[in-house]
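Single-letter residue listing:
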Amino acid sequence: MRQYEWGKLLIFVAILAVPIGLISSVPTVFFLKGHLPGGAAGADAIEHLYMMWWFHYALTELGQTPANLTMLAYPTGYFNPYITVTPFVRLVTFPFMGWVDPTLIYNLYLLLTFVLTWVTMSVLCYYLTRDFEAAVLGGFVFAFSPHRLVHASGGHITAATTFWFPLLALSLLSFVRRSTWFRAGLCGILLTISLSIDLNIILYFTVPLVLLIFVYHLWKQPDLLRNKMFLYQSGLIAFIPLLIRGLPFVSFVIEKFRGNLDFLHAEGVELYSGDLLGVLFPPPQHPLNRALGLDWFAVRLIGGPEGAGENIIYVGLLTFVLILVGLRARSFPDNRLWLSISLVAWLLALGPQLKLGGVSTSIPLPYALSTYIPFLEWGRTPARFASLMMFGVAVLVAYGAAVIFRQLNQAKWRPFLMMGLLTLLWFDYATFLLPWHVAKVTPPPVYQEIKQSPATLAVLDIPARNYEVAGRSAGYQMVHQHPIVSGRAYRVPQEIYTQMQDFEDMAASENAADILADQQIGYVVLHLTWLGNATYWCSHLTQELGEPIYQDTELVIYAVPQSE
């Protein structure tokens, strides 16, 4: 690829990606500060944002490892090395924490992932097709796939950090085609970064991608196994991440096999599995479903009204046509690699048992073996393999588009056809989520006053064990900087939930003021939106603690009288 073509592709895609990314995430661009995507509560986004803030605060203010969550789950806190074993997003945002609004950092980074993912995927597709317009289409399919959009709109910032994987794949393909020490070193560096994003990403994307690329080329070129230099250089690829990231991973593995991380296991694998029909049936709220009156069936495919949107594995109707064209193209013999990646990932995304039309069957699938694979047995979201599936699909789309573009008699029509196909793909992929739901997460000014109180006092949020309240309370801690009884970082040990309930019971008891003061609880916050018996709590705490120091339609905050 000539230097001019590299520059032309990078600039064109970057410029095009900005407005399309902003339109696809409306109204996020209008609420960059004080708001986060992810529904009315924004719980998942707040959790990721809190991890970014806590990583900086723990290192710069407390001088301790961020894995030691001393400011959550007061008074014991708990240890969760998940935070430090995959720190990429927190490291990238680290320099900006402390002087830029954290919500602004989060939202700008999230929007930037669309641009970077489209750019890097287009580079990979151009390397494989040598077709400019086809590369642009292939990059779009991966960057704006429905599955990726669902995660981004849900506040899963690590799942949206997909821009390194095309570069990793490109470096691996370049290496297996002509191995050198330099290319091996580059592969190792990119693999190290890819292994630092998120444990889910490692299991559902990075490891299977690397294995499938190597297995395919070793099957295609068995002589590579007898090439000592190739084997030595391949060893370097594995050695670099071990050298750079080995210690945190080894410590994490030790803690896992000691049983100290069992709380990271979660139930719900069936809910978070894809449906066999989901690959071609549009997701809920898709314009086609609404026009045909089939939205009820789309909802059924994701598990009903309370189902998980992140198990959407829709490929796209136009996308499927382009895939078929690409598979028939003899000019791209390596389409078998990308077809294999797509099919393997799709099969794993269906989970442990086949679901057909929203109905679970007893037919076992390969993912059922995950219970025997260390770390993967923790996972409850097999549908996340859809991201890897769309990675392979994007390349197949680029192959198909390249075949179509090369059949045009006049090159001047290529840009018009490309923009027409992009428009159709965008309507198929992005419109069902619009507008994104954004949540206001800025705490009321009273939290600045709470910040001025003695640092030893803790905050009790009620209901303490509620998922949304845990996120909100952690988010508000970024302002008041006091220990909190609630809060969460990924997942919470069961004994911590018991401890949270104990404090809530203290607040519900007679003489609550004395009991809470003895425990150094300085404030009690009622989250009315998620409190079923709000009338009782307001009456009880007003009697025990006095009039609230703040109240609105969502919060009622009491100060606990402290003994002299």
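Only a predicted model underlies this, so the values are computations on that prediction, with no experimental measurement involved. (Residues numbered from 1 in each chain as written. Predicted model: local features only at pLDDT ≥ 70, side-chain atom pairs only at ≥ 80, totals over all residues. Heavy atoms only, no water.)

A.B. asks: Even after reading the chapter, I still don't get the pairing of strand S5 (residues 359-364), so can you show me in this structure?
C.D. replies: On any regular strand, side chains alternate: one points to one face of the sheet, the next to the other face. As defined by bridge partners, strand S4 (residues 353-356) adjoins S5 across 3 bridges and the pair is classed as antiparallel. The partner of Gln 353 across the bridge, within S5, is Pro 364. (Pairing = 2+ DSSP bridges. Helix = DSSP H or I, 4+ residues; strand = E, 2+ residues; numbered from the N terminus.)

A.B. asks: Help me understand the pairing of strand S8 (residues 521-527), please; the structure alone is not making it clear to me.
C.D. replies: With respect to burial, S8 is a largely interior element, 7 of its 7 residues being buried. Relative to S8, strand S7 (residues 458-462) runs parallel, the two being bridged by 5 bridges. By the bridge assignment, Ile 462 is partnered in S8 with Leu 526. Pairing analysis gives 5 bridges linking S8 to strand S10 (residues 555-559), with the strands arranged antiparallel. Counted as the bridge partner of Leu 526 is Val 556 from S10. (Buried < 20%, exposed > 50% of the residue type's maximum accessible area, 1.4 Å probe, protein only.)

A.B. asks: Sorry if this is basic, but what is going on with the layout of surface pockets here?
C.D. replies: Empty space among the atoms becomes visible once a probe the size of a water molecule is rolled across them. The calculated volume of the second largest pocket comes to roughly 530 Å³. Lining of the second largest pocket is provided by 29 residues; of these, Trp 53, Asp 101, Pro 102, Met 478 and Val 479 occupy positions nearest its centre. At the level of elements, helix H2 (43-62), helix H5 (102-129), helix H18 (446-451) and helix H19 (467-480) are the ones that each hand at least two residues to the lining of the second largest pocket. By residue number, the principal contributor to the lining of the second largest pocket is H2, which donates 6 residues. Among the residues making up the lining of the second largest pocket, the classes are represented as 17 nonpolar, 8 polar and 4 charged. (1 Å grid on protein atoms, 1.4 Å probe; cavity = no way out; pocket = protein on both sides within 12 Å on 5 of 7 lines; lining within 4 Å. Points joined across faces, edges and corners; volume = space filled by probe spheres on them. Nonpolar A, V, L, I, M, F, W, Y, C, P; charged D, E, K, R; others polar.)

A.B. asks: Would you mind going over the environment of Ala 512 with me for this structure?
C.D. replies: Counting through the fold element by element, Ala 512 comes out in helix H21 (residues 512-518). The sequence separation of Ala 512 and Leu 36 amounts to 476 residues, and the corresponding C-alpha distance is 35 Å. If sequence neighbours within four positions are ignored, Ala 512 has contacts with Met 506, Ala 507, His 540 and Glu 544. (Contact = heavy atoms within 4.5 Å.)

A.B. asks: What exactly am I supposed to notice about unusual backbone geometry here?
C.D. replies: Where the residue is not glycine, phi is negative for most of them; where a peptide bond is considered, it is trans in most cases. The omega angle of the peptide bond from Leu 434 to Pro 435 is -10°, so this bond is cis rather than trans. By the secondary structure assignment, Pro 435 is in the loop between helix H17 (414-429) and strand S6 (438-440). Cis geometry is adopted by the peptide bond preceding Pro 463, which originates at Ile 462 and carries an omega value of 0°. Its location among the elements puts Pro 463 in the loop between S7 and H19. One non-glycine residue, Tyr 490, lies in positive phi territory at about 65°.

A.B. asks: It is not clear to me how the sheet that holds strand S9 (residues 550-551) should be interpreted in this structure. Could you clarify?
C.D. replies: Sheet strands pair via backbone hydrogen bonds, and the direction of the pair is either parallel or antiparallel. Pairing in this open sheet of 4 strands is mixed, and the strands run S7-S8-S10-S9 from one edge to the other. Bordering the open sheet on either side are S7 and S9, each of which pairs with just one other strand. Sheet contacts for helix H22 (residues 534-545): S7, S8 and S10; angle to S10, the most-contacted strand, approximately 20°. (Axes fitted to C-alpha atoms, helices over the stretch in contact; angles between N-to-C directions.)

A.B. asks: Can you walk me through the packing of aromatic side chains in this structure?
C.D. replies: Within a pair of aromatic rings, the relevant descriptors are the distance that separates the centres and the angle that separates the planes. Scanning the entire structure with this criterion turns up 36 aromatic pairs. Cation over ring: Arg 148 sits above Phe 114, and NZ or CZ is 4.7 Å from the ring centre. (Phe/Tyr/Trp six-rings, centres within 6.5 Å; stacked < 30°, edge-to-face > 60°. Lys NZ or Arg CZ within 6 Å of the ring centre and 35° of its normal.)

A.B. asks: Would you take a moment to explain empty space enclosed by the protein for this structure?
C.D. replies: By the definition in use, this model includes 3 cavities of 30 Å³ or more. Within this model, the largest cavity holds a volume of roughly 110 Å³. Taken together, His 147, Arg 148, His 151, Ala 159, Thr 162, Asn 200, Ile 201, Tyr 204, Phe 205, Arg 384 and Ser 387 form the lining of the largest cavity. Looking at the lining of the largest cavity, the element that brings in the most residues is helix H10 (residues 199-220), giving 4 residues. Roughly 90 Å³ of volume is contained in the second largest cavity. Around the second largest cavity, the lining comprises 13 residues; the ones closest to its centre are Gly 278, Leu 301, Ile 302, Ile 312 and Ile 313.

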